[in-house]
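Chain by chain, the residues run as shown.
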Amino acid sequence: MLSAARLIRKQDVCPACRKVLLFLPPPVPGVLCWCCSGRAAVKDPTAVERANLLNMAKLSIKGLIESALSFGRTLDSDYPPLQQFFVVMEHCLKHGLKVRKSFLSYNKTIWGPLELVEKLYPEAEEIAASVRDLPGLKTPLGRARAWLRLALMQKKMADYLRCLIIQRDLLSEFYEYHALMMEEEGAVIVGLLVGLNVIDANLCVKGEDLDSQVGVIDFSVYLKSDDDIGGKERNVQIAAILDQKNYVEELNRQLNSTVSSLHARVDSLEKSNTKLIEELAIAKNNIIKLQEENHQLRSENTLILMKTQHHLEAAKVDVEAELQTYKHSRQGLDEMYSEARRQLREEAQLRQDMENELVVQVSMKHEIELAMKLLEKDIHEKQDTLIGLRQQLDEVKAINVEMYQKLQVSEDAMKEKNEIISRLEDKTNQINATMKQLEQSDKDLLTQTRTIAMSFVKCASNEAQHQYKLVKDISF
């Protein structure tokens, strides 16, 4: 038995039913056994399904690209070839999907493998998070449909699904071994999806009901007839009309922009007009004030003229009276006439002087007003400097108070130190006195010792010489 088992090779095992071919060789070596070869005459239905889905995906992607390029603008959610493309992709992803049993029902959805993409491709995390945050989606199928639409708008659907089909061990948790995503047809579909990167799509996922949509493939879109050829011509005409519509919309947009710019210019002109009206009102007020001043000056001038005329009339009356009084005397007539003419010249000169003085007074008035303004400005500046000086004075006062306090503290410390010094001086004086007393007592003791030594020398003159030397050393 062991020797027979060792003779079994890998090619002697049927790949379909996994039976060991011990006795009879297979009709085709290494392919199928006799029982499976009879069944192989009929095509595998799963292979037929994969081929059908692959062909439908080819037709859908090809038709979508051609129609989008002929359409010539961004696609939206209502575009029929785009809707059929999503239906075909949904059928491709559902093929061979395992059924997951739960407590309430059977769960068979494509959201599981699509949700796995964010773990394999970090850039897909944003799409998954956006799909989870959409408020209108309640079912996993609706989330999967939203994910496909967002991936198409990002032009990364091929990249995401390529990362998914590479990981066969992870896909085996969601798909059967004969599923489209597990076979070569899945890689072919992913390669075809790369062509969709030339399409620009603008899909509104937020307000669309993706949970309750029915995914049915419309084969009439891919069947060609004479009506379809006429429909293509109509589509070309519609495309031309849409191009004209786009041109008109662009022209309208440009006109709207020019109208908005003109409105902005009108607003700016209105603002400048209001400013000019305000300046005109201010100028009118100034003119009214100047007219009032001119009227006042004219009234003053008329008063001066009336006074001068009154003086002239009085002078004339005086001249006439003098002429009447001195009519009879012809000798002084010329003198009086010359005097009158002189007075008239003086009055005229006086009038001219008054007018010049009036002009001077007006100019002095303007100068006085200007000087008053300058004085007011100078007064304001001096007040500001005075306020600053007061603040500085307050700061200096505060510093002086602080320095005075520090001075008092230092004076108190100096007093304490002086008391300590006086105490130390008293102690040093006492120590010096004691030192002097000790020196005096030392001197007294020395004199006593000398007197004792001298007396001892006198009394003991007969002692030995070394004792005398000893006494002499003691005396020293």
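As the structure is a prediction and not an experimental result, all values here were calculated from the model.

Cut-off values and rules
- Residues numbered from 1 in each chain as written.
- Predicted model: local features only at pLDDT ≥ 70, side-chain atom pairs only at ≥ 80, totals over all residues.
- Heavy atoms only, no water.
- Helix = DSSP H or I, 4+ residues; strand = E, 2+ residues; numbered from the N terminus.
- Buried < 20%, exposed > 50% of the residue type's maximum accessible area, 1.4 Å probe, protein only.
- Contact = heavy atoms within 4.5 Å.
- Axes fitted to C-alpha atoms, helices over the stretch in contact; angles between N-to-C directions.
- Parallel < 35°, antiparallel > 145°, perpendicular 65-115°, else oblique.
- Nonpolar A, V, L, I, M, F, W, Y, C, P; charged D, E, K, R; others polar.
- Patch = residues over 30% accessible without salt bridge, like charges linked within 9 Å, V, L, I, M, F, W, Y side chains within 5 Å.
- Areas by Shrake-Rupley, 256 points an atom, 1.4 Å probe, with all protein chains shown as cover.
- Salt bridge = Lys/Arg side-chain N within 4 Å of Asp/Glu carboxyl O.
- Lys, Arg positive; Asp, Glu negative; His and termini not counted.
- Charge placed at Lys NZ, Arg CZ, Asp CG, Glu CD.
- Left-handed = near helix turned anticlockwise from the far one by under 90°.
- Polar contact = N/O pair within 3.5 Å; in protein donor to acceptor, adjacent residues only side chain to side chain.
- Phe/Tyr/Trp six-rings, centres within 6.5 Å; stacked < 30°, edge-to-face > 60°.

Trainee: So what exactly am I meant to see when it comes to the overall build of the protein chain here?
Mentor: Each helix and strand counted, the protein chain has 14 helices and 2 strands in total. In the protein chain, buried positions account for 21% of the 476 residues. Of the contacts made within the protein chain by residues no fewer than 6 positions apart, 65% connect residues no fewer than 24 positions apart.

Trainee: What am I meant to see in unusual backbone geometry here?
Mentor: Among all residues except glycine, the phi angle is most often negative; among peptide bonds, the trans geometry is most common. Despite not being glycine, lysine 155 has its phi angle at roughly 60°, a positive value. Among the structural elements, lysine 155 can be located in the loop between helix H8 (140-154) and helix H9 (157-166). With a relative accessible area of 31%, lysine 155 lands in the partly exposed category.

Trainee: Could you clarify how one ought to interpret the packing of helix H3 (residues 45-71) against helix H11 (residues 184-193) in this entry?
Mentor: Packed helices, taken two at a time, are described by their axes: the angle between them and the distance between them. Packing of H3 against H11 brings their axes to within 10 Å, and their N-to-C directions diverge by 5°. What the angle tells us is that H3 and H11 run roughly parallel. The residues of H11 that touch H3, namely those facing Arg50, Leu54, Ala57, Lys58 and Ile61, are Glu185, Val188, Ile189, Leu192 and Leu193. Taken together, the residues that form the contact of H3 with H11 break down as 7 nonpolar, no polar and 3 charged.

Trainee: Sorry if this is basic, but what is going on with a negative patch on the surface here?
Mentor: A surface patch of negative charge is lined by Glu411, Asp412, Glu416 and Glu419. Among the structural elements, glutamate 416 can be located in helix H13 (residues 333-459).

Trainee: Looking at this structure, how should I read the packing of helix H7 (residues 125-133) against H8?
Mentor: One can describe the packing of H7 onto H8 by two numbers: an axis separation of 10 Å at closest approach and a directional angle of 135°. In terms of orientation, H7 and H8 fall into the oblique class. Read as a crossing pair, H7 and H8 show a hand that is right-handed. Each of Glu126, Ile127, Ser130 and Val131 in H7 lies in contact with H8, whose residues at this interface are Arg143, Ala146, Trp147, Leu150, Ala151 and Gln154. Residue composition of the contact of H7 with H8, by class: 6 nonpolar, 2 polar and 2 charged.

Trainee: Help me out: how do you make sense of the side chain of arginine 145 in this one?
Mentor: With respect to the secondary-structure elements, arginine 145 resides in helix H8. For arginine 145, the side chain forms a polar contact with the side chain of glutamate 90, separated by 3.0 Å.

Trainee: Is there a simple way to explain the environment of leucine 210 in this structure?
Mentor: Along the chain, the position of leucine 210 falls in the loop between H11 and helix H12 (226-325). With relative accessibility at 0%, the residue leucine 210 sits in the buried group. In the structure, leucine 210 is positioned 64 residues away from alanine 146 in sequence and 7.2 Å away in space, judged by C-alpha atoms.

Trainee: Mind showing me how you'd approach the packing of aromatic side chains here?
Mentor: Centre distance and the angle of the planes are the two values used to describe a pair of aromatic rings. A complete count under the given rule lists 3 aromatic pairs for this structure. Relative to tyrosine 160, the ring of tyrosine 121 has its centre 5.2 Å away and its plane inclined at 70°; by these criteria the two rings are edge-to-face. Residue tyrosine 121 is located in the loop between helix H6 (117-120) and H7, and its partner tyrosine 160 is located in helix H9; the two are separated by 39 residues in the primary sequence. In terms of burial, tyrosine 121 and tyrosine 160 fall into one category: buried. On the basis of an interplanar angle of 50° and a centroid distance of 5.7 Å, the ring pair of tryptophan 147 and tyrosine 160 is categorised as tilted. Taken together, the residues span a long stretch of sequence, with tryptophan 147 in helix H8 and tyrosine 160 in helix H9 at a distance of 13 residues.

Trainee: Please clarify how the pattern of salt bridges should be interpreted in this entry.
Mentor: A side chain with one charge can pair with a side chain of the opposite charge if their charged atoms come near. As enumerated under the stated definition, the model contains 13 salt bridges in all. For the salt bridge of arginine 145 with glutamate 90, the shortest nitrogen-to-oxygen distance reads 3.0 Å. With a gap of 55 residues between them, arginine 145 in helix H8 and glutamate 90 in helix H4 (residues 80-94) connect regions that are remote in the sequence. Glutamate 90 matches arginine 145 in its accessibility class, with the two residues each being buried. For glutamate 355, the salt bridge identified is with arginine 351, shortest N-O distance 3.7 Å. Taken together, the residues glutamate 355 and arginine 351, both in helix H13 and 4 residues apart, mark about one turn of the helix. By relative accessible area, which is 27% here, glutamate 355 ends up partly exposed.

Worth remembering: the numbers are spatial, not functional.
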